[in-house]
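Residue-level structural notes
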Amino acid sequence: MSTDKKFDQLILLLTRKTVEKKLNWVSAEIPLSLRSGTDDYYPIFLKANYKDKVLGIFQRKFKYFYDEHEFYWSDEVVLCVIDGKGGVVWEYSEKSIALNNLFDLAREKASGIDEILDDLLS
């Protein structure tokens, strides 16, 4: 089975575990290995521990150059595996609805917005 297919399966599994509240995402500092030597911008980085592995999911905004000095900002959602030293050892950023849905769900859970809204509405 290809790595892409395995990541697709992992994304679906992580989504299910997040919905079931068996996987907790927390806001975290962006690993140095991602932000060093780049102009990329990371508005949010979330991580979770699953089966003794550290996973990260984040949004990366980057300059897409279409001429030597002309560019526009583009973005992507990335799922990554983080090693014991905090380095990113693998990234998966294929455009997919499932990956975007996992990112949105992880961000919602990490923010605690459900509890905030319940508190404000009570």
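Residues numbered from 1 in each chain as written. Predicted model: local features only at pLDDT ≥ 70, side-chain atom pairs only at ≥ 80, totals over all residues. Heavy atoms only, no water.

This brings us to the packing of aromatic side chains. A complete count under the given rule lists seven aromatic pairs for this structure. Grouping aromatic residues by their ring pairs yields a cluster made of Tyr 42, Phe 45 and Phe 58. (Phe/Tyr/Trp six-rings, centres within 6.5 Å; stacked < 30°, edge-to-face > 60°.)

Across four bridges, the pairing between strand β4 (residues 71–82) and strand β5 (residues 88–92) is antiparallel. Bridge pairing in β5 places Ile 82 opposite Val 88. Taken together, β4 and the strand that follows it, β5, pair antiparallel across an intervening segment of five residues, in which Gly 86 is found at a positive phi of about 90°. (Pairing = 2+ DSSP bridges. Helix = DSSP H or I, 4+ residues; strand = E, 2+ residues; numbered from the N terminus.)

Where helix α1 (residues 3–19) meets helix α3 (residues 97–111), the closest approach of the two axes is 10 Å, and the angle between their N-to-C directions is 25°. It follows that α1 is roughly parallel to α3 by the angle criterion. Here α1 and α3 pass one another in a crossing that is left-handed. For the pair α1 and α3, the contacting residues are Ile 11, Leu 12, Leu 14, Thr 15, Thr 18 and Val 19 in the first and Ala 98, Leu 99, Leu 102, Leu 105 and Lys 109 in the second. (Axes fitted to C-alpha atoms, helices over the stretch in contact; angles between N-to-C directions. Parallel < 35°, antiparallel > 145°, perpendicular 65-115°, else oblique. Left-handed = near helix turned anticlockwise from the far one by under 90°. Contact = heavy atoms within 4.5 Å.)

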